[in-house]
Amino acid sequence: MDRPLPSAPPQVRWLVRTLEDAGYDTWAVGGVVRDVLLGRPAGDWDFATRATPREVRKLFRRTVPIGVEHGTVGVLDRDGTMHEVTTFRRDVETDGRHAVVTFADTIEDDLARRDFTVNALAWHPLREELCDPFGGVDDLKNSVLRTVGTPEDRFREDYLRILRGLRFAGLLRLSIDEATWSALIGLAGHLENLSAERVRDELLKLLELDPEPSRALDLYATSGALAVLYPELDALRGDPSGVEGADRWGVSVATVARLPVGRPYLRLAALLRELDPPAVAGLLLRLRLSNAQVDETALRVGAPPLPGAGEDDLAFRRWMSATGPERLAALARLGLARARAEHDLGAPDRTGDVVASWRRARSVRASSPPLSVGELELDGRGLIGLGLKPGPDFGRILDALLDWVLEDPRRNRREALEERALSLAAQEPGDG
Ligand code: ATP
Ligand code: MG
């Protein structure tokens, strides 16, 4: 930890120098300072400045008003990279969900409103000076997560900090300071006051960024946050029907951990895999995901497992027809992650089988068999051309034609389908 901070990239120095030359105190703040001190790759550089948004916009040629009402202006450097520059702020009023802020005069004021000591660090890239009024560097050295100020007050100001704390503790392998932890678990019940969007975005951020999400997810569970926000998932804890004595929550978490960062929705599907379909849909709607995301995630969660590699082509065509061939890669990744997770928990290694099944599915797909009604060489209009009366029976006939073509893709010829359609139409519904 005593490593000196590396010198900032030229664009960062340019940005700070421009503001400083105009007389405005300006610092790099937040996650980047923390991450650089930890020797982690630096993410986006964010800045806090004495200049008001209007003054920032006057100084730079290319700016974007990202959140001027919160004091944030995006400044584009000569490479087109955007940096967030936010005027020093102070909270005047908070209610657990929103804060009313006002502009402040000093970096110390600005750091005081931040959530955790490790996030309340500022670095001056020109003077190479660290501003650390709350002992964040010591906490990083000792791997401790601690709120700035009295934990209970800070969580009551914004309950999202509870979830942020769990995420940072997991991601950065920090242990949560005792007073911070007891305030956090004592107040977890208030998480239900947060907006669904903030809760969702926080979970997606965890799933998107954390290479080893088990720690943070288990902190959700042990803190009580899981029970408040995701009771369906909490109910899986202690249910011993997972593999090798692990509970079903444990299997879900291990599966998430076997999927890569950068695929938050795939990981979300893995997390929900043990829930029944109504519970999945209920949870996703509550999180206010878009309809398209709800549908896609529910389909991934509810999809039947890939057929075994030893099964015939028909089994693979039926499986792809039922799940949608475009979902093959995602479902195979989920299946593979699941097999790896079960193996991690002590079950026999099935990963070779899953990979073999995936290969078989890919080769069956490569021969482009028709897998949906839309790909049949006969459609509703064709049925009308045969003299059949449009009605609910059309759906039944087309589905039956698809089944017939799945059995043998060479049957997908117009004349053969017409003949078959006529004989299907002659049958009573439910005949076979
Ligand atoms: P990440 O790597 O997840 O982006 P970060 O620390 O940069 O981590 P951001 O959400 O980008 O997190 O926020 C930037 C900074 O703003 C934080 O480091 C913290 O100082 C402050 N901050 C963000 N959200 C809150 C909050 N709810 N309460 C107090 N301070 C906050
Ligand atoms: Mg950030």
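Overview of the overall build of the protein
- When you go through the protein residue by residue, the secondary structure sums to 22 helices and eleven strands.
- Taking 432 residues into account, the globule formula puts the C-alpha radius of gyration at 22 Å, and the protein, at 28 Å, lies well above it.
- Looking at the protein residue by residue over its 432 residues, the buried ones come to 47%.
- For the protein, restricting intrachain contacts to residue pairs at least 6 apart in sequence, the fraction spanning at least 24 positions comes to 63%.
- Of the accessible surface of the protein, which amounts to about 20300 Å², a share of 48% is contributed by carbon and sulfur atoms.
- Of the charged side chains in the protein, 58 are positive and 69 negative; the average position of the first set lies 4 Å away from that of the second.

As for the side chain of Asp177
- Counting through the fold element by element, Asp177 comes out in the loop between strand E11 (175-176) and helix H8 (178-187).
- A distance of 3.4 Å separates a polar atom in the side chain of Asp177 from a polar atom in the side chain of Arg146.
- Excluding its chain neighbours within four sequence positions, the residues that come into contact with Asp177 are Val144, Leu145 and Arg146.

Notes on the packing of aromatic side chains
- Evaluation of the coordinates by the stated rule reveals three aromatic pairs.
- Between the aromatic rings of Trp14 and Phe60, the centroid separation amounts to 5.5 Å while the plane-to-plane angle is 75°, which identifies the pairing as edge-to-face. Taken as a pair, Trp14 in helix H1 (residues 10-21) and Phe60 in the loop between helix H3 (53-59) and strand E3 (63-67) lie far apart in primary sequence, 46 residues in all.
- Residue classification places Trp14 among the partly exposed positions, given a relative accessible area of 37%.
- A ring pair is formed by Phe116 and Phe155, whose centres lie 6.4 Å apart and whose planes are at 55°; its orientation type is tilted. Here Phe116, found in the loop between helix H4 (107-112) and strand E8 (122-124), pairs with Phe155, found in helix H6 (residues 151-157); they are 39 residues apart in sequence, far enough to count as distant. Comparing Phe116 with Phe155, the two get one shared label, buried.
- Put simply, the rings of Phe116, Phe155 and Phe168 pair up and form one aromatic cluster.
- Arg167 extends its terminal NZ or CZ atom over the ring of Phe168, reaching a point 4.8 Å from the ring centre.

Regarding helix H18 (residues 328-344)
- Helix length check: H18, at 17 residues, gives a terminal C-alpha distance of 24 Å against a target of 24 Å (1.5 Å per residue), a fit within 8%.
- Within the span of H18, buried status applies to Leu328, Ala330, Leu331, Ala332, Leu334, Leu336, Ala337, Ala339, Ala341 and Glu342.
- Those residues of H18 that are buried are in contact with helix H13 (248-257), helix H14 (264-272), helix H16 (291-302), helix H17 (313-323) and helix H19 (351-366).
- Where H18 terminates, the next one or two residues include Gly346, which has phi positive at roughly 110°.

Here's the deal with the pattern of salt bridges
- In the structure shown here, the tally under the stated rule is 37 salt bridges.
- Put simply, Asp139 and Arg146 hold a salt bridge, and the shortest N to O gap is 2.8 Å.
- Given a relative accessible area of 4%, Asp139 falls into the buried group.
- Residue classification places Arg146 among the partly exposed positions, given a relative accessible area of 31%.
- One salt-bridge network, held together by shared partners, links Asp239, Arg248, Glu274, Arg338, Glu342 and Arg350.

Describing the layout of surface pockets
- Quantified by volume, the largest pocket comes out at close to 1800 Å³.
- Residue lining of the largest pocket: 46 residues in total, with Asp46, Glu84, Arg114, Arg164 and Lys205 positioned closest to the centre.
- Secondary-structure elements contributing two or more residues to the lining of the largest pocket are helix H2 (31-37), strand E2 (46-49), strand E5 (82-87), strand E6 (89-94), strand E7 (99-103), helix H7 (160-171) and helix H9 (196-209).
- Of the residues contributing to the lining of the largest pocket, the split by class is 14 nonpolar, ten polar and 22 charged.
- Considering only enclosed or pocket space, the second largest pocket measures out at about 340 Å³ in volume.
- Along the wall of the second largest pocket there are 16 residues; nearest its centre are Pro305, Leu306, Gly335, Arg350 and Val354.

What counts, and where the lines are drawn
Residues numbered from 1 in each chain as written. Chains lettered and ligands numbered in written order. Predicted model: local features only at pLDDT ≥ 70, side-chain atom pairs only at ≥ 80, totals over all residues. Heavy atoms only, no water. Helix = DSSP H or I, 4+ residues; strand = E, 2+ residues; numbered from the N terminus. Rg over C-alpha atoms; globule rule 2.2 N^0.38 Å. Buried < 20%, exposed > 50% of the residue type's maximum accessible area, 1.4 Å probe, protein only. Contact = heavy atoms within 4.5 Å. Areas by Shrake-Rupley, 256 points an atom, 1.4 Å probe, with all protein chains shown as cover. Lys, Arg positive; Asp, Glu negative; His and termini not counted. Charge placed at Lys NZ, Arg CZ, Asp CG, Glu CD. Polar contact = N/O pair within 3.5 Å; in protein donor to acceptor, adjacent residues only side chain to side chain. Phe/Tyr/Trp six-rings, centres within 6.5 Å; stacked < 30°, edge-to-face > 60°. Lys NZ or Arg CZ within 6 Å of the ring centre and 35° of its normal. Expected span 1.5 Å × (residues − 1). Salt bridge = Lys/Arg side-chain N within 4 Å of Asp/Glu carboxyl O. 1 Å grid on protein atoms, 1.4 Å probe; cavity = no way out; pocket = protein on both sides within 12 Å on 5 of 7 lines; lining within 4 Å. Points joined across faces, edges and corners; volume = space filled by probe spheres on them. Nonpolar A, V, L, I, M, F, W, Y, C, P; charged D, E, K, R; others polar.

Everything listed is a geometric property; what it means functionally is a separate question.
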